[in-house]
Amino acid sequence: MSLAGWVNRRRDHGGLIFIDLRDRSGIVQVTVEPEGSASQEEGAHEIASQARNEYVLQVNGVVRERPEGFENPNLTTGAIEVIARHVEILNPAKTPPFYISNGADDVDEALRLKYRYLDLRRTRMVQNLTLRHNIVRFIREYLSNRDFLEIETPILLKSTPEGARDFVVPSRLHEHEFYALPQSPQQLKQLLMVAGIERYFQIARCFRDEDLRADRQPEFTQLDLEMSFVDAQDIRALIEEMLIKLTQLVSPKPIQQTPFPVLSYAEAMDKYGVDRPDLRFGLPLFTLSEVVANSEFGVFRNAVAGGGQVKGILYPQGASLARRDIDEMTDFVKRFGAKGLAWIGVTAGPDGEGNYGPDALRSQISKFLAQDEINGIVQASGAQAGDLILIVADSPAVTAQSLGNLRLEIARRADLIDTSQLAFCWVTDFPLLEYNDDLKRWQAVHHPFTSARAEDWASLESAPGDVLAKAYDVVLNGWEIGGGSIRIHNSELQDRLFAVLGLNHDEVQAQFGHLLEAFQYGAPPHGGIALGIDRMVALYAEATSIRDVIAFPKTAAGTDLMVNAPSPVTTEQLDELHIALKQAKKAAK
């Protein structure tokens, strides 16, 4: 047989040379016997002795079982070896900047990204890219078997407001005019529904000029999907079946619950403080506002009186935590806007009358609370002896954000997350609109083509904050992996929503006139969803960042260290595009 690949490791035992030869499929041991062996070409041993890590070799030889006791259970090929007859160095290699054979997980990420083509040789990275391929291939086959058409949409498009900054591309042929890279194919897939395609999907490249973090990139990939003559339940059923079958294909972990749990947005925010709850553990939040509304403890009373909330969360068996640990959690919630963290450690059960006296509590605030308030707090929390009650009193937004994040922090500290399962859920009935205090106007929570529930259209102008959308997100292990909605297909309803958003006729025509005109030619009822391929692969691969499942990602600063992008262009290129650069601002001294 003939093999070719890279030297993963070479061991020279004088007479015998062992080479671990690696390619995308794995590693096999090549054994080069001493010079003069009957089964070997002349010079093969000398050539093998010159090989070093990452040299590219070609080997011809025969496969045989390894001698008993010399098997390697850590390799899939560990029961066999290749006895080399011919060895050829196809290309030598410089010493790499990090050891590929040792895994390189502890190597600085910036170095790995600079030499990404070497990083991708690592087994872990090959596995991630293979997993990504298998996921995308399954999605294509699944949807194609259900009569969907895969249709590509343009990358050069019109700039329209969709929630994030556009990447703009100057036009050489149209002076002072620009294309935009699509944040998503949203309007195009709706136009495909008007065109009568009925079932469309695309593995779409999307671009957003926004601040980055572990689960974001300036360019990313999503499954984009749209269907005509459907309701939200139809789309959710299709995607849920797809995710169940996909999980069975690519993950050894079971799904925690099927059918997927369905939570309303209001329920998710009330119980978990976020609209993408991690359901691999419990610890729901609980409300204490009514219990302490008239308390002598001013922090609680004033929060309720000012329209805020008093809510808490339980730290199981946390009553004996050191004060240092409680102070760390107090500092933690302050990062999310909370002014502080009240706490009550329940050290014993109630007395014969059901009261929790001083001997049953460890707390600095219990002396400010009436007995019925203390009892009410403990009962609302469900605390048992040994548990710690943690409480935040603030505006609803701050309370939700601080306790929602504290819930995750407690789960990590107390090792409560069941990593052996995958916890999916749906979140539905999002608000259609939210008020932007800075801009002093309403804006769409998802996008301006999302339909309100049929029963809520009557309240659009009079109570826009109460209108709920026909929108739905799918969540996996606390990550939103997809979101969609039933769209507005009626021009009159779309005009009403634009008016509430504060867009005048000229703005609407300039930005969305093509879509509204298309609606005049018989737009069907339609809806869809988009799933983040990068996030899905990262979750299935148990990667800490989507950068580890993208072949050539950008850094958190949006740069490509391998090719040094972004980079300046020539004056000639700028002149062709009719662009003049402003003088760069000098850094403050």
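Our subject is the structure listed above.
Residues numbered from 1 in each chain as written. Predicted model: local features only at pLDDT ≥ 70, side-chain atom pairs only at ≥ 80, totals over all residues. Heavy atoms only, no water.

A.B. asks: Can you break down the overall build of the protein residue by residue, with the values?
C.D. replies: Summing up its helical and strand segments, the protein has 16 helices and 22 strands in all. For the protein, the C-alpha atoms occupy an extent of roughly 95 × 75 × 60 Å along the three principal directions. Across the 589 residues that make up the protein, the buried fraction comes to 47%. In the protein, of all internal contacts separated by at least 6 residues, the share reaching a separation of at least 24 is 66%. When the accessible surface of the protein is split by element, carbon and sulfur atoms take 50% of a total near 29,700 Å². Counting 60 positive and 81 negative side-chain charges, the protein places the averaged centre of each group 4 Å from the other. (Helix = DSSP H or I, 4+ residues; strand = E, 2+ residues; numbered from the N terminus. Buried < 20%, exposed > 50% of the residue type's maximum accessible area, 1.4 Å probe, protein only. Contact = heavy atoms within 4.5 Å. Areas by Shrake-Rupley, 256 points an atom, 1.4 Å probe, with all protein chains shown as cover. Lys, Arg positive; Asp, Glu negative; His and termini not counted. Charge placed at Lys NZ, Arg CZ, Asp CG, Glu CD.)

A.B. asks: A description of the sheet that holds strand β22 (residues 526-532) should follow, citing residues and the corresponding values.
C.D. replies: With mixed pairing, the eight strands of this open sheet are ordered in space as β6-β9-β10-β22-β21-β20-β17-β11. The strands lining the two open edges of the sheet, one partner per strand, are β6 (149-150) and β11 (262-264). Relative to strand β9 (residues 199-207), β6 is paired through two bridges, and the arrangement is parallel. Within the sheet, the bridge partner assigned to Glu-150 lies in β9 and is Phe-201. The strands touched by helix α5 (residues 186-194) within the sheet are β9, β10 (219-228) and β22, with β10 carrying the most contacts at an inclination of about 25 degrees. (Pairing = 2+ DSSP bridges. Axes fitted to C-alpha atoms, helices over the stretch in contact; angles between N-to-C directions.)

A.B. asks: If you had to explain the packing of helix α13 (residues 491-500) against helix α14 (residues 505-519) to someone new, which residues and values would you point to?
C.D. replies: Remark: α13 packs on α14, axes separated minimally by 10 Å, with the N-to-C direction vectors making an angle of 160 degrees. Judged on the interaxial angle alone, α14 and α13 are roughly antiparallel. Where α13 crosses over α14, the handedness of that crossing is right-handed. Touching Ser-491, Gln-494, Asp-495 and Phe-498 of α13 are Val-508, Phe-512, Leu-516 and Phe-519, all from α14. For the contact of α13 with α14, the residue count by class is five nonpolar, two polar and one charged. (Parallel < 35°, antiparallel > 145°, perpendicular 65-115°, else oblique. Left-handed = near helix turned anticlockwise from the far one by under 90°. Nonpolar A, V, L, I, M, F, W, Y, C, P; charged D, E, K, R; others polar.)

A.B. asks: For the environment of Asn-294, give the residues involved together with the corresponding values.
C.D. replies: Note that Asn-294 resides in the loop between α8 (289-292) and α9 (298-305). Taking the C-alpha atoms as reference, Asn-294 lies 90 Å from Pro-34; in sequence the two are 260 residues apart.

A.B. asks: Provide a residue-level description of the nonpolar core, including the pertinent values.
C.D. replies: One finds Leu-143, Leu-223, Ile-239, Met-242, Leu-243 and Phe-424 to be the most contacted residues of the largest nonpolar core, which totals 45 residues. In contact with Leu-143, other than residues within four places in its own chain, are Phe-148, Phe-201, Leu-223, Leu-225 and Leu-238. By size, the runner-up hydrophobic cluster in this structure holds 32 residues, among which are Val-467, Ala-471, Ile-488 and Leu-515. (Core = buried A, V, L, I, M, F, W, Y, C linked by side-chain atoms within 4.5 Å.)

A.B. asks: An account of the side chain of Asn-477 is requested, with residue identities and associated values reported.
C.D. replies: If you trace the backbone, Asn-477 turns up in the loop between β20 (471-476) and β21 (479-486). At a separation of 2.9 Å, a polar atom in the side chain of Asn-477 contacts the main-chain amide nitrogen of Ala-423. (Polar contact = N/O pair within 3.5 Å; in protein donor to acceptor, adjacent residues only side chain to side chain.)

A.B. asks: Describe α13, listing the residues and the values that go with them.
C.D. replies: Turning to α13, its buried residues number three or more, namely Ser-491, Gln-494, Leu-497, Phe-498 and Val-500. Those residues of α13 that are buried are in contact with β18 (433-436), β19 (441-444) and α14. Capping the start of α13 is the job of one residue whose side-chain oxygen sits 2.9 Å from the backbone nitrogen of Glu-492: Asn-490. Positive phi appears at Gly-502, one or two residues downstream of α13, with a value of about 85 degrees.

A.B. asks: Can you lay out the sheet that holds strand β14 (residues 342-346) for me, pointing to particular residues and giving the numbers?
C.D. replies: The five strands are arranged β12-β13-β16-β14-β15 in an open sheet whose pairing can be described as antiparallel. Two strands bound the open sheet, and with one partner strand each, they are β12 (286-287) and β15 (361-363). Taken together, the three bridges between β14 and β15 define a ladder with antiparallel strand orientation. Paired with Gly-345 across the bridge in β15 is Arg-362.

Any functional reading would require information that these geometric values do not contain.
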